[in-house]
Amino acid sequence: MMKKIEISLEHRYHSHRLLHRILEPELMEDPKQVQAYAQADFSEPNERFMQNLRTLIGKEDLISHALDLGCGPGDISCRFAMGYPSAHVDALDGSAVMLDYAESTTPNDLKVRVRFIHGKLPTVSLPRSRYDLIISNSLLHHLPEPQALWQFLKRYAANGARVAIMDLFRPQSVRQAKDIVEMYAASEPEILQRDFYHSLLAALTLEEIEKQLHEAGLNFDVARISDRHVFISGTIIFK
Ligand SMILES: C[S@@+](CC[C@H](N)C(=O)[O-])C[C@H]1O[C@@H](n2cnc3c(N)ncnc32)[C@H](O)[C@@H]1O
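Residues numbered from 1 in each chain as written. Predicted model: local features only at pLDDT ≥ 70, side-chain atom pairs only at ≥ 80, totals over all residues. Heavy atoms only, no water.

Engineer: Would you mind showing me how to read the overall build of the protein here?
Structural biologist: Scanning the protein from N- to C-terminus turns up nine helices and seven strands. Its C-alpha radius of gyration of 18 Å places the protein within 12% of the 18 Å reference for a compact globule of 239 residues. Dimensions of the protein, computed from C-alpha atoms along their principal axes, come out at roughly 55 × 40 × 30 Å. Counting only residues that meet the buried cut, the protein has 49% of its 239 residues in that class. Long-range contacts, defined as pairs at least 24 residues apart, comprise 76% of the intrachain contacts of the protein with a sequence gap of at least 6. For the protein, the separation between the mean place of its 27 positive charges and that of its 32 negative charges on side chains is 4 Å. (Helix = DSSP H or I, 4+ residues; strand = E, 2+ residues; numbered from the N terminus. Rg over C-alpha atoms; globule rule 2.2 N^0.38 Å. Buried < 20%, exposed > 50% of the residue type's maximum accessible area, 1.4 Å probe, protein only. Contact = heavy atoms within 4.5 Å. Lys, Arg positive; Asp, Glu negative; His and termini not counted. Charge placed at Lys NZ, Arg CZ, Asp CG, Glu CD.)

Engineer: I'm lost on the pattern of salt bridges in this one. Help?
Structural biologist: Two side chains with opposite charge may pair up if their charged atoms get near one another. Across all of its chains, the model carries twelve salt bridges by this definition. For Arg-228, the salt bridge identified is with Glu-44, shortest N-O distance 3.4 Å. With Arg-228 in the loop between strand E6 (221–224) and strand E7 (229–236) and Glu-44 in helix H3 (residues 43–57), this residue pair connects regions lying 184 residues apart in the sequence. Classification of Arg-228 as buried rests on a relative accessible area of 6%. Salt-bridge contacts for Arg-79 lead to Asp-75; the nearest nitrogen and oxygen are separated by 2.7 Å. With Arg-79 and Asp-75 both in helix H4 (residues 75–83), this residue pair falls four residues apart, about one helical turn. For Arg-79, a relative accessible area of 22% translates into the label partly exposed. Residue Asp-75 is classed as partly exposed on the basis of its relative accessible area of 32%. (Salt bridge = Lys/Arg side-chain N within 4 Å of Asp/Glu carboxyl O.)

Engineer: I tried to follow helix H6 (residues 147–156) on my own but got confused; where do I start?
Structural biologist: Burial analysis of H6 places seven of its ten residues in the buried class, which makes it a mostly covered element. In the core, the buried residues of H6 are packed alongside strand E1 (65–69), strand E4 (131–137), strand E5 (157–168), helix H9 (206–216) and E7.

Engineer: Hey, could you run me through the site of the ligand in this one?
Structural biologist: Every one of the 20 residues lining the ligand counts as a neighbour, but Glu-26, Tyr-37, Gly-70, Asp-93 and Asn-137 are closest to it. The separation between an oxygen atom of the ligand and a polar side-chain atom of Asn-137 is 2.7 Å. Across the shell around the ligand, the residue classes break down as nine nonpolar, eight polar and three charged. (Near = heavy atom within 4 Å. Polar contact = N/O pair within 3.5 Å; in protein donor to acceptor, adjacent residues only side chain to side chain. Nonpolar A, V, L, I, M, F, W, Y, C, P; charged D, E, K, R; others polar.)

Engineer: How should I be thinking about the nonpolar core in this particular structure?
Structural biologist: Note on soluble globular proteins: their nonpolar side chains tend to be buried together. Residues Leu-69, Trp-150, Leu-153 and Ile-232 are the most contacted members of the largest nonpolar core, which totals 35 residues. If you list the elements that add at least two residues to this core, you get E1, E4, H6, E5, H9 and E7. With residues near it in sequence (within four places) discarded, Leu-153 still touches Leu-69, Ile-134, Val-163, Ile-165, Leu-218, Phe-220 and Ile-236. Tyr-84, Ala-91, Val-114 and Met-166 belong to the second-largest nonpolar core, a separate cluster that totals 25 residues. (Core = buried A, V, L, I, M, F, W, Y, C linked by side-chain atoms within 4.5 Å.)

Engineer: Explain the packing of aromatic side chains here, please?
Structural biologist: Taken as a whole, this structure holds five aromatic pairs when the rule is applied. For the pair Phe-80 and Tyr-84, a centre-to-centre distance of 4.8 Å together with 15° between the ring planes defines the contact as stacked. Residue classification places Phe-80 among the buried residues on the basis of a relative accessible area of 0%. Their ring planes at 50° and their centres at 4.9 Å tell us that Phe-152 and Tyr-156 sit as a pair that is tilted. (Phe/Tyr/Trp six-rings, centres within 6.5 Å; stacked < 30°, edge-to-face > 60°.)

Engineer: Can you walk me through the sheet that holds strand E2 (residues 88–93) in this structure?
Structural biologist: Where strands meet in a sheet, backbone hydrogen bonds hold them as pairs that are either parallel or antiparallel. Pairing in this open sheet of seven strands is mixed, and the strands run E3-E2-E1-E4-E5-E7-E6 from one edge to the other. The open sheet is flanked by strand E3 (114–118) and E6, the only strands paired with a single partner. Sheet twist, expressed as the mean angle between neighbouring strand axes with direction ignored, is 15°. Alignment of E6 against E7, held across four bridges, turns out to be antiparallel. Pairing of Ala-223 across the sheet is with Phe-231, part of E7. Relative to E3, helix H5 (residues 96–105) is tilted by about 165°, and along the sheet it contacts E2 and E3. (Pairing = 2+ DSSP bridges. Axes fitted to C-alpha atoms, helices over the stretch in contact; angles between N-to-C directions.)

Engineer: Is there a simple way to explain unusual backbone geometry in this structure?
Structural biologist: Glycine aside, a negative phi is what most residues show, and trans is what most peptide bonds show. Going from Leu-121 to Pro-122, the amide bond is cis rather than trans, its omega being 15°. Inspection of the secondary structure assignment puts Pro-122 in the loop between E3 and E4. For Ser-138, which is not glycine, the phi torsion reads 60° and is therefore positive. Positionally, Ser-138 belongs in the loop between E4 and H6. The class for Ser-138 is buried, based on a relative accessible area of 18%.

Nothing here speaks to function; it is geometry throughout.
Structure follows, in structure tokens:
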């Protein structure tokens, strides 16, 4: 019976070629899931994030306090701290399991500048009231109510703060989502392939992101930067 329902749902997606957003669990707390994610090689997309960030803020070292939202195992928090040696980074995640991993893999010399914070946005209260840079990779698609992220940015951004956010965007069909998983994660453990697939279905479209930003009054750039990634960037100016 279950099988029949799954097949007919999939058939519906195929024939309409319109994929509605299907949420996945917000926090990544299953130790097996965290291990598979933390051990996977995300160097290519993470370096792509850094390249886009450098284009946005330049190489000069003017950032003193950065905030990384949904930092997971901390790879991007550390890449950023290494590239910007004067910056301090507060790296937030709602999953203690993820943060244990981040703490254990962060090089000692970065630990004075990278501080991992356990808490869930939007309710968390951060140790600083304002940040010069807010970054985030692959958090947006986890949020059941994405507007929470846009409002959170406004709450913690300093006047003139730069924002750089990368995420997956939702494919047009189940077939496309499966093809992307096959293309980029065929050799990864099954649990990671499953999570990747669910993340693609939970992701937003570029149009949905643009609409939310408009509603939030944020004049950000929304750019498709690969066959699966969107990069959202801009500056927050208080009037
Ligand atoms: C796909 S991982 C991305 C991790 C990391 N940014 C990276 O680039 O690899 C998403 C992370 O966001 C965290 N997360 C999801 N919802 C959150 C929330 N409301 N507040 C804080 N963290 C959240 C999850 O626990 C998970 O560690």
